[in-house]
Amino acid sequence: MRKIKTVLCSLLSISILACPLVSSFAVSGAEDINTLESQLEKLTKQSQEYQKTLDETENDINEKEAYSEALVGKIDVLSQKINATNTSISKLNTSIADKQKEIDKGNKDIDAQLDALCERLRAIDMAGSASDLEIVLGAKDLSDFIDKVNLVKTVSNIDQELIDDIDEKLTVVNAQKKELETDKEELNKEKDSLQADLDDLDGTLKENKELLQDLYTKNEDAKSKLDDVSGKISDREKEIRAYWEADAKAKAAASASGHVDVTDQIKSYEKRQQAASSSSTPSRSSSSQSSSSSGSHSSQQSSSEDYYEEEETPATPSTGGGYVWPCPGIYLITAWFGEDRTTYAHGAIDIGCPMNSTVVAAESGTVEYTCTYCTHNWGKGGSCGCGGGFGNYVWMSHGNGKETIYGHLTTVLVSPGQYVTKGTVIGYSGTTGYSTGPHLHFECRYNGVKYDPMSEFSF
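Residues numbered from 1 in each chain as written. Predicted model: local features only at pLDDT ≥ 70, side-chain atom pairs only at ≥ 80, totals over all residues. Heavy atoms only, no water.

Student: Can you help me understand the overall build of the protein chain in this one?
Tutor: Check the secondary structure of the protein chain and you find seven helices and 10 strands. Within the span of the protein chain, comprising 459 residues, buried residues form 39% of the whole. Within the protein chain, contacts between residues at least 6 apart in sequence are counted, and of these 78% link residues at least 24 apart. Summed over all atoms, the accessible surface of the protein chain reaches about 24,700 Å², with 50% contributed by carbon and sulfur. (Helix = DSSP H or I, 4+ residues; strand = E, 2+ residues; numbered from the N terminus. Buried < 20%, exposed > 50% of the residue type's maximum accessible area, 1.4 Å probe, protein only. Contact = heavy atoms within 4.5 Å. Areas by Shrake-Rupley, 256 points an atom, 1.4 Å probe, with all protein chains shown as cover.)

Student: Can you walk me through the packing of aromatic side chains in this structure?
Tutor: Two descriptors summarise a pair of aromatic rings, namely the distance from one centre to the other and the angle between the planes of the rings. With the rule as written, the count across this model stands at eight aromatic pairs. Seen in terms of ring centroids, Y323 and F457 are 6.5 Å apart; in terms of plane orientation they differ by 75°. Their pairing is edge-to-face. Highlighted residues: Y323 in the loop between helix 7 (304-309) and strand 1 (333-335) and F457 in the segment after strand 10 (449-451), separated in sequence by 134 residues. The structure contains a cluster of three or more aromatic residues connected by ring pairs, namely Y323, W325, Y331, Y406, F442 and F457. Cation over ring: K380 sits above W378, and NZ or CZ is 5.8 Å from the ring centre. (Phe/Tyr/Trp six-rings, centres within 6.5 Å; stacked < 30°, edge-to-face > 60°. Lys NZ or Arg CZ within 6 Å of the ring centre and 35° of its normal.)

Student: What exactly am I supposed to notice about the nonpolar core here?
Tutor: Nonpolar side chains in soluble globular proteins generally cluster together in the buried interior. Ranked by size, the top nonpolar core spans 28 residues in total, and within it W325, C327, V394, Y406, I426, L440 and F442 carry the most contacts. With eight residues, the next largest nonpolar core counts L71, I75, I82 and L201 among its residues. (Core = buried A, V, L, I, M, F, W, Y, C linked by side-chain atoms within 4.5 Å.)

Student: What is the right way to read the pairing of strand 8 (residues 425-429) from this model?
Tutor: Regular strands place their side chains on alternate faces of the sheet. Bridge count for strand 3 (residues 358-360) against strand 8 is three bridges, and the pairing is antiparallel. When the bridges of strand 8 are listed, T358 appears paired with Y428. Two elements, strand 6 (residues 402-412) and strand 8, share three bridges in a ladder whose sense is antiparallel. Of the residues in strand 8, the one forming a bridge with V412 is G427. (Pairing = 2+ DSSP bridges.)

Student: Explanation requested: the environment of L54 in the structure shown.
Tutor: Inspection of the secondary structure puts L54 in helix 2 (residues 19-127). Here the alpha-carbon distance between L54 and K223, two residues 169 residues apart in the chain, equals 6.7 Å. The residues contacting L54, other than those within four sequence positions of it, are N219, A222, K223 and L226.

Student: Just checking my understanding: could you explain the pairing of strand 5 (residues 392-399) for this structure?
Tutor: Summarising burial for strand 5: six of the eight residues are buried, a large majority. With five bridges joining them, strand 4 (residues 365-371) and strand 5 adopt antiparallel strand pairing. Pairing of V367 across the sheet is with M396, part of strand 5. Inspection of the sheet shows strand 5 paired to strand 6 by six bridges, in the antiparallel sense. Within strand 6, the position partnered with S397 by the bridge is E403. Count of turn residues in the strand 5/strand 6 antiparallel hairpin: two residues, of which N400 carries a positive phi of about 55°.

Student: Would you take a moment to explain unusual backbone geometry for this structure?
Tutor: Note: most residues except glycine have negative phi, and most peptide bonds are trans. A positive phi angle, near 55°, is found at N400, a position not held by glycine. Looking at where N400 falls in the secondary structure, it is placed in the loop between strand 5 and strand 6. Here N400 falls in the exposed class, since its relative accessible area comes to 75%. Although it is not a glycine, N447 adopts a positive phi angle of roughly 55°. Along the chain, the position of N447 falls in the loop between strand 9 (440-446) and strand 10.

The structure is reproduced here in structure tokens:
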């Protein structure tokens with residue numbers, strides 16, 4: 001404890017001159033980063049809304065295009081039916097004209113036969129059968145004439161058969177003509193019905209094309225806005241990353257020169273140490289949780305809620321000392337073990353180091369788990385969910401129940417099952433997972449219980 005206090009007090013005395021510079025940077029940057037993160041959140045919501053609109057319009061467009069194709073197909077079928085009907089009507093017109101010619105010819109034949117009959121009647125008149133002649137000549141029309149002729153006993157059987165034959169033919173032709181005219185009328189009705197359906201489909205197709213055009217316009221507008229928002233999101237993310245990189249470099253520079261204000265941190269740390277030494281039993285603890293495979297976040301691995309909401313007790317194992325510092329040359333502690341975070345106590349120490357700083361194994365041991373898939377390597381106000389909140393991490397077992405965890409890495413250089421000796425480079429620092437800026441989350445566990453990592457170092 002005295003050694004730790006001596007080192008920290010030395011850092012305090014050296015850093016007094018640089019305190020205003022670091023504090024000024026943090027204060028001036030806090031407003032800027034809050035604004036950028038707020039803008040990023042709003043832009044992300046806008047992007048989601050535009051993407052939703054884009055998906056909906058694309059679905060509607062697909063439906064309308066399919067409907068339009070179906071309408072075009074129906075219109076084509078109706079057009080073919082109308083053409084076929086017109087052809088049938090044309091044929092009927094020809095047949096009706098042919099029947100009319102037959103009727104006209106039959107009428108001429110009757111006229112000729114009547115002329116011949118009249119000649120015969122004159123001959124009868126010359127023979128003195130005046131009474132029969134008067135009957136025949138008193139006929140009002142052809143039908144009446146034929147009836148009266150039948151009464152005339154002097155007309156020859158040959159004349160009677162000839163008139164009957166012509167009359168029968170005319171009856172058949174007239175019946176055929178009437179049937180053709182009926183068929184023509186039905187076809188005209190069918191044609192009118194088909195034309196009405198065709199006009200209706202043409203109107204529906206026109207309306208559908210107008211709707212499609214509106215959807216095309218809306219879709220293109222959503223794409224344009226989404227591209228614009230995506231560009232702005234990219235810009236804000238770059239600005240946020242730049243801020244945290246600059247912040248980390250400033251802190252690292254201050255740490256390297258010893259210009260770090262750690263007064264409050266020393267007092268807080270001493271109070272926790274005193275509380276830990278005066279307490280015989282821990283009041284709160286949490287169990288170790290592990291994952292089942294490399295590069296994945298399984299049900300066994302700590303979730304972001306478990307990691308960020310569990311409470312810790314500043315307890316230490318019975319043995320300690322001998323670990324090497326996990327960030328060589330960088331000793332800026334931005335968060336101590338047991339730090340009160342309202343809903344939970346911090347279960348590790350955070351070492352403020354620039355992006356891509358070297359991270360080494362604090363002790364020899366076997367790599368148990370790793371996570372390497374997190375790409376959200378920038379400061380954020382919430383968890384991205386990767387690695388249970390750790391982001392990219394390395395989880396090592398050192399035997400005798402001891403474990404160490406190195407979180408928020410940019411790059412992981414080791415794999416599960418690999419044995420690593422103390423001081424070996426295992427990765428590079430970053431700000432993946434639930435991290436507000438570049439730092440190393442260094443956590444120690446003893447038989448599954450988290451304890452203060454500072455107890456493992458001899459200064």
